[in-house]
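# Results of the structural survey
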Amino acid sequence: MRDAAPQTIRLADYTPYPFRIDHVALEFRLAPVATRVIATLKITPLSSGADMRLDGEDLRLIRATVDGRWLDLTPDATGLTVPAAELPDGPFTWECEVQITPAENTALEGLYMSKGMYCTQCEAEGFRKITFYPDRPDVMAPFDVRILGNEDGSTPVLLSNGNPDGHGRWTDPWPKPAYLFALVAGQLVAVEDSFTTASGREVALKIWVRPGDEGKCAYAMDALKRSMRWDETEYGREYDLDIFQIVAVDDFNMGAMENKGLNIFNSKYVLASPETATDRDYELIEGIIAHEYFHNWTGNRITCRDWFQLCLKEGLTVFRDQQFSGDMRSHAVKRIDDVLMLRARQFREDAGPLAHPVRPEEYIEINNFYTATVYEKGAEVIGMLRTLIGPEAYRKGCDLYFERHDGEACTIEDWIAVFEEATGEDLAQFRLWYAQAGTPTLDVAEAWSDGTYTLTLRQDLPETPGQSDKSPQVIPVTTGLLGRDGAELVPSQTLVLREQTQSFRFEGLPERPVPSLLRGFSAPVRLRHGISRADRLLLLAHDTDPFNRWEAGRSLAKDTLITMITETTAPAEAFLDAVMTVAQDPSLDPAFRALALALPSEDDLAQTLHSGGVTPDPDAIYAARKSLTRAIATHGAEAFGQLYDAMAVPGPYTPDAKAAGQRALRGTALRLLSEIDEGARAKAQFLGADNMTEQLSAFSALLSIGKGTNAVSTFYEQWSGDRLVMDKWFALQISLAAPDKAVRACKALTAHPDFDWKNPNRFRSTLGALAMNTAGFHTASGEGYELLADWLIRLDPLNPQTAARMSSAFDSWTRYDEKRQRLIKIELERIAATPGLSRDVTEMVGRILAA
């Protein structure tokens, strides 16, 4: 649907719905171009004289009745209104029949078809494309669903939320908002298992996939069972239906959806085998399976009152899945990985025109606020709360939250209130993390006198769109102090910064210490600390906090690269020696060492330069990273050769954390060695690999040095029949292309017969990969900008949600030189001027242009 005049929705305008939906019965008569949906609602008015407004889009109304009496109603573009005069004063039954065309629903919202299979995506506002209904999260009701399949027998499997009766009928006794409704129908096969809950109930588990994919579900099933047990032991949450089901779908805008009892997943986050999935794929499957399952309580049983409270379910559930993944693998490695994502996505968001609070105050299209700020920063806020009040009080508050608000639609205020009650503390200042946008900067000053060390911290909150005057926030700064020999003088303690400037004194110290600040990245802030290179080398060698040890190395690498970019100097020998010390330290987890060897990204360096008042040159950044990579490889050639051999994992492939860590370090060594051996080892590994992790590692190494021509054709011949593996084939050729070849590679691949631009995974694998190739996308000619804009304009009429999210590639445009800014602005204005542009893309481009 095209939107002529998008309207702004504001948190301040919230009003409760004036009717209670007591029960929903849905009947679906499936047909690709003429599905009939009959909705029967038991409704109770909550106030007299109110019109009943029902949301609805792209629906053909067949009939509508109240207590069996036919009504003459004319829908408008966004729904229909039943006048109060047509409604009784007491409870009544509303019934309507509509016709929809799932085969023509390319937006992948509501009921649509994916390669012959019917499926739904109703979050945030997709249910209004299924029937007329108050499509808002604070309207909760139990659902009964009856599904009649295609008359030709092509839909033998008929699924919906809740418990089945075996004849296409499903009953979900738990009240839920419409966004959690799900339906799937088609030719599917199930991989089955079971789980016994803590109270002894037997739960049937089923993962539904297309025929032929059954052999790729074992890890997803194992991750599901571990998630269910973990939620019982760590949060006291037990599953509440007789069956839990997952369906893998190829055409899906998101990663997965937590529909009550029937999770629908992008197939890339379910299907895995050693031959087709990498260690990273397995890790993502584990985390996303957990995330969607954990929503059963943090999102389903307790949902959000309105979409402004989205972080209440998403930030909390991201934090829970991060805890789970840390328990399953390595907390140190997981924390580093999470912070890398936070800085790459959320810090960038906070620094540009798309900055918004964790709880926004207004929106035009809610789909545009499924952002890193809501998810990742929202999780950081939960983590800070737990740090400030302690694990025991956090668990006590969570238990109270579940007890008090089960079956309700809640707000951030409801969430904070249970912790104030559990701890007796006033958390009013802490709530500012939900209200104020932007990444705080923490400035550090030190003083030393007669055995007393004084640490002074100052917080500054930058201006962001719509917010200039901000109040100090509560910032937990977990800190330790090290001696000059690396010994810990003061173990970790959390300093709580509440004022704009505060000082903390440490007395009776034998020497001036080296501070280890923000341990575990205890708050999502930028740290500005004039610490010397010698002190960072000491932290890199001796810090007992794994995150800060990694951070010290990262800081040294960034400083080295910035100097190479701005002064065109060679890297210091001391830095190269420090890198090799970490790389060869057998006491460190191989996965940690692999992360420590990874250089800051081109986008990270561009933002760092911009923050320091230097206009970033994408080509100079690319050249410096390439030069430093080669310098590290040359400096440690012998050691990397030994590491490559030592990290080989014997025996059959397993996705466990230990083996994955070894393969990660081996892959890093291979990438470095390829810089100096012309890809000799990589070619051998590519041809001999028995798992996708090692094959893709070698493929990537060859592409990064421009030696991948033969591997490209070999890989295609081997994997052209596997849709998910081919997504990798598309993405790597573009993301790893040299800057002067990236746009050309993207154009060629968008012309490839296997490029299905209507499939979100394939679209992201090509155009998304171009945006990830920073120097290639920002080529001085502007060809990258023009190519992405062309495709966004083409995609928007079919799938505005994906087009809008991809438009964020332009959000950092003001940090580049005037020529690039001018070229980007031309493309943004061209997109904005497109007739009939969706409200999704209209809002995103408008906000970006307002920078």
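One can find the structure itself at the top, above this paragraph.
Residues numbered from 1 in each chain as written. Predicted model: local features only at pLDDT ≥ 70, side-chain atom pairs only at ≥ 80, totals over all residues. Heavy atoms only, no water.

### Focus on the overall build of the chain
What the chain contains, in helices and strands, is 27 helices and 30 strands. By the compact-globule yardstick of 29 Å for 851 residues, the chain fits well, its C-alpha radius of gyration being 27 Å. In the chain, which comprises 851 residues, the share counted as buried stands at 60%. Sequence separation of 24 or more characterises 71% of the internal contacts of the chain that already satisfy a separation of 6 or more. As presented, the chain carries roughly 31500 Å² of accessible surface, and 50% of it is formed by carbon and sulfur atoms. Charge centroids of the chain, computed over 88 positive and 122 negative side chains, lie 2 Å from each other. (Helix = DSSP H or I, 4+ residues; strand = E, 2+ residues; numbered from the N terminus. Rg over C-alpha atoms; globule rule 2.2 N^0.38 Å. Buried < 20%, exposed > 50% of the residue type's maximum accessible area, 1.4 Å probe, protein only. Contact = heavy atoms within 4.5 Å. Areas by Shrake-Rupley, 256 points an atom, 1.4 Å probe, with all protein chains shown as cover. Lys, Arg positive; Asp, Glu negative; His and termini not counted. Charge placed at Lys NZ, Arg CZ, Asp CG, Glu CD.)

### Considerations on empty space enclosed by the protein
Under the definition given, this model contains 5 cavities of 30 Å³ or more. Size it by volume and the largest cavity reaches roughly 160 Å³. Along the wall of the largest cavity there are 14 residues; nearest its centre are Gly553, Phe575, Val579, Ala596 and Leu597. Listed by contribution, the elements that provide at least two residues to the lining of the largest cavity are α10 (546–567), α11 (573–583) and α12 (590–597). Of the residues belonging to the lining of the largest cavity, the class tally is 11 nonpolar, 1 polar and 2 charged. (1 Å grid on protein atoms, 1.4 Å probe; cavity = no way out; pocket = protein on both sides within 12 Å on 5 of 7 lines; lining within 4 Å. Points joined across faces, edges and corners; volume = space filled by probe spheres on them. Nonpolar A, V, L, I, M, F, W, Y, C, P; charged D, E, K, R; others polar.)

### Description of the sheet that holds strand β12 (residues 157–160)
With antiparallel pairing, the 4 strands of this open sheet are ordered in space as β9-β10-β15-β12. Edge positions in the sheet fall to β9 (110–114) and β12, since each has one partner strand and no second. On average, each strand axis in the sheet is tilted by 20 degrees relative to the strand beside it, whichever way the strands run. In terms of strand pairing, strand β10 (residues 117–121) meets strand β15 (residues 183–186) through 2 bridges, oriented antiparallel. The partner of Tyr118 across the bridge, within β15, is Ala185. (Pairing = 2+ DSSP bridges. Axes fitted to C-alpha atoms, helices over the stretch in contact; angles between N-to-C directions.)

### With respect to the pattern of salt bridges
Enumeration according to the criterion identifies 74 salt bridges in this entry. We note a salt bridge from Glu232 to Arg229, for which the minimum N-O separation is 2.6 Å. With Glu232 and Arg229 both in helix α1 (residues 218–235), this residue pair falls 3 residues apart, about one helical turn. In this structure Arg229 comes out as partly exposed when scored by relative accessible area, which is 36%. Put simply, Asp281 and Lys728 hold a salt bridge, and the shortest N to O gap is 2.6 Å. (Salt bridge = Lys/Arg side-chain N within 4 Å of Asp/Glu carboxyl O.)

### Remarks on the packing of helix α26 (residues 818–832) against helix α27 (residues 839–849)
Relative orientation and spacing of two packed helices are given, respectively, by the angle between their axes and the distance between those axes. One way to put it is that α26 packs onto α27 with a least axis distance of 10 Å and a crossing angle of 150 degrees. Accordingly, the angle class assigned to the pair α26 and α27 is roughly antiparallel. Both α26 and α27 take part in a crossing whose hand is left-handed. Across the interface between the two elements, Lys825, Leu828, Glu829, Ile831 and Ala832 of α26 pack against Val841, Val845, Ile848 and Leu849 of α27. The residue makeup of the contact of α26 with α27, split by class, is 7 nonpolar, no polar and 2 charged. (Parallel < 35°, antiparallel > 145°, perpendicular 65-115°, else oblique. Left-handed = near helix turned anticlockwise from the far one by under 90°.)

### Looking at the packing of aromatic side chains
Across all of its chains, the model carries 45 aromatic pairs by this definition. Ring plane angle 80 degrees and centroid distance 5.8 Å describe the contact between Trp230 and Phe324, whose orientation is recorded as edge-to-face. Pair noted here: Trp230 is in helix α1 and Phe324 is in helix α3 (residues 310–328), with a separation of 94 residues, a long-range link. Here the two residues Trp230 and Phe324 agree in accessibility, since each one is buried. Sitting over the ring of Trp174, Arg301 keeps its end group 3.8 Å from the ring centre. (Phe/Tyr/Trp six-rings, centres within 6.5 Å; stacked < 30°, edge-to-face > 60°. Lys NZ or Arg CZ within 6 Å of the ring centre and 35° of its normal.)

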